[in-house]
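# A structural walkthrough
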Amino acid sequence: MIYHRCDGCGVRLPSDGQGHFIVNVEAFAAAGRLEITEHDSQRDYAAEIRRLIAAAARMSADEIEDGVFRKWRFDLCAECHRRFLRDPLARARP
Ligand SMILES: [Zn+2]
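This section reports on the structure supplied with the text. (Residues numbered from 1 in each chain as written. Predicted model: local features only at pLDDT ≥ 70, side-chain atom pairs only at ≥ 80, totals over all residues. Heavy atoms only, no water.)

The grouping of F28, M59, I64, V68 and F69 at the surface amounts to a nonpolar patch, some 470 Å² of accessible area in total. Within the secondary structure, F28 is located in strand β1 (residues 20-28). Of the residues examined, F28 reaches a relative accessible area of 55% and is grouped as exposed. (Patch = residues over 30% accessible without salt bridge, like charges linked within 9 Å, V, L, I, M, F, W, Y side chains within 5 Å. Areas by Shrake-Rupley, 256 points an atom, 1.4 Å probe, with all protein chains shown as cover. Salt bridge = Lys/Arg side-chain N within 4 Å of Asp/Glu carboxyl O. Helix = DSSP H or I, 4+ residues; strand = E, 2+ residues; numbered from the N terminus. Buried < 20%, exposed > 50% of the residue type's maximum accessible area, 1.4 Å probe, protein only.)

Here's what the structure looks like:
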């Protein structure tokens, strides 16, 4: 039988779904405003792509993903869910 534990406190969650909450979190790079200028038509895009590929080759997969997109799923008990809703960024603060 498959069962879940709360990612906050470790308690075993009931298999009937009562008191079991799922929290999905996504973090991704914001897209800036797109403006195309005269300067853009003169850029060497092939050189820029080569520079980016070389920079990516020196990074780990985690470093690359951290700079673009990350997604997490947390299974929480009712108490940890309430605590999360009161202060979603509690663990993110230094
Ligand atoms: Zn919990």
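A word on the coordination of the zinc ion. Binding of the zinc ion to the protein goes through C6 (SG), C9 (SG), C77 (SG) and C80 (SG), at separations of 2.2 to 2.3 Å. Here the zinc ion binds four donor atoms, and the angle range of 102 to 114° at the metal identifies the geometry as tetrahedral. With relative accessibility at 10%, the residue C77 sits in the buried group. (Donors = N, O, S within 2.8 Å, 3.2 Å for Na, K, Ca; no water. Tetrahedral: all angles 85-135°; square planar, octahedral: opposite > 155°, others 65-115°.)

Another point: helix α1 (residues 45-57). With 13 residues, α1 should reach 18 Å at 1.5 Å per residue; the first-to-last C-alpha distance of 18 Å fits that figure. Two or three places before A46, at the start of α1, stands the capping residue D44, its side-chain oxygen 3.4 Å from that residue's backbone nitrogen. (Expected span 1.5 Å × (residues − 1). Polar contact = N/O pair within 3.5 Å; in protein donor to acceptor, adjacent residues only side chain to side chain.)

With that settled, consider the environment of R58. Positionally, R58 belongs in the loop between α1 and α2 (61-66). Residue R58 is classed as exposed on the basis of its relative accessible area, which comes to 66%. In the structure, R58 is positioned 17 residues away from D75 in sequence and 35 Å away in space, judged by C-alpha atoms. Of the polar contacts made by the side chain of R58, one reaches the backbone oxygen of A54; its length is 3.4 Å.

For the rest of this paragraph, the subject is the nonpolar core. Ranked by size, the top nonpolar core spans six residues in total: C6, L13, V23, L76, C77 and C80. The residues touching L13, leaving out its near neighbours within four places in the chain, are H4, R5, C6, G19, H20, D75, L76 and C77. (Core = buried A, V, L, I, M, F, W, Y, C linked by side-chain atoms within 4.5 Å. Contact = heavy atoms within 4.5 Å.)

Here H81 is to be found in helix α3 (residues 78-86). Taking relative accessible area as the criterion, H81 reaches 16% and is therefore assigned buried. Residues contacting H81, with those up to four places away along its chain left out, are F21, V23 and L76.

What follows concerns the pattern of salt bridges. Counted according to the given criterion, the structure contains nine salt bridges. Between R73 and D75 there is a salt bridge whose closest N-O contact spans 2.8 Å. The exposure class of D75 is buried, given its relative accessible area of 8%. Note that E79 is salt-bridged to R83, the shortest N-O span being 3.7 Å. Of the two residues, E79 and R83 both sit in helix α3, four residues apart, roughly one turn of that helix. Owing to a relative accessible area of 36%, E79 belongs among the partly exposed residues under this scheme.

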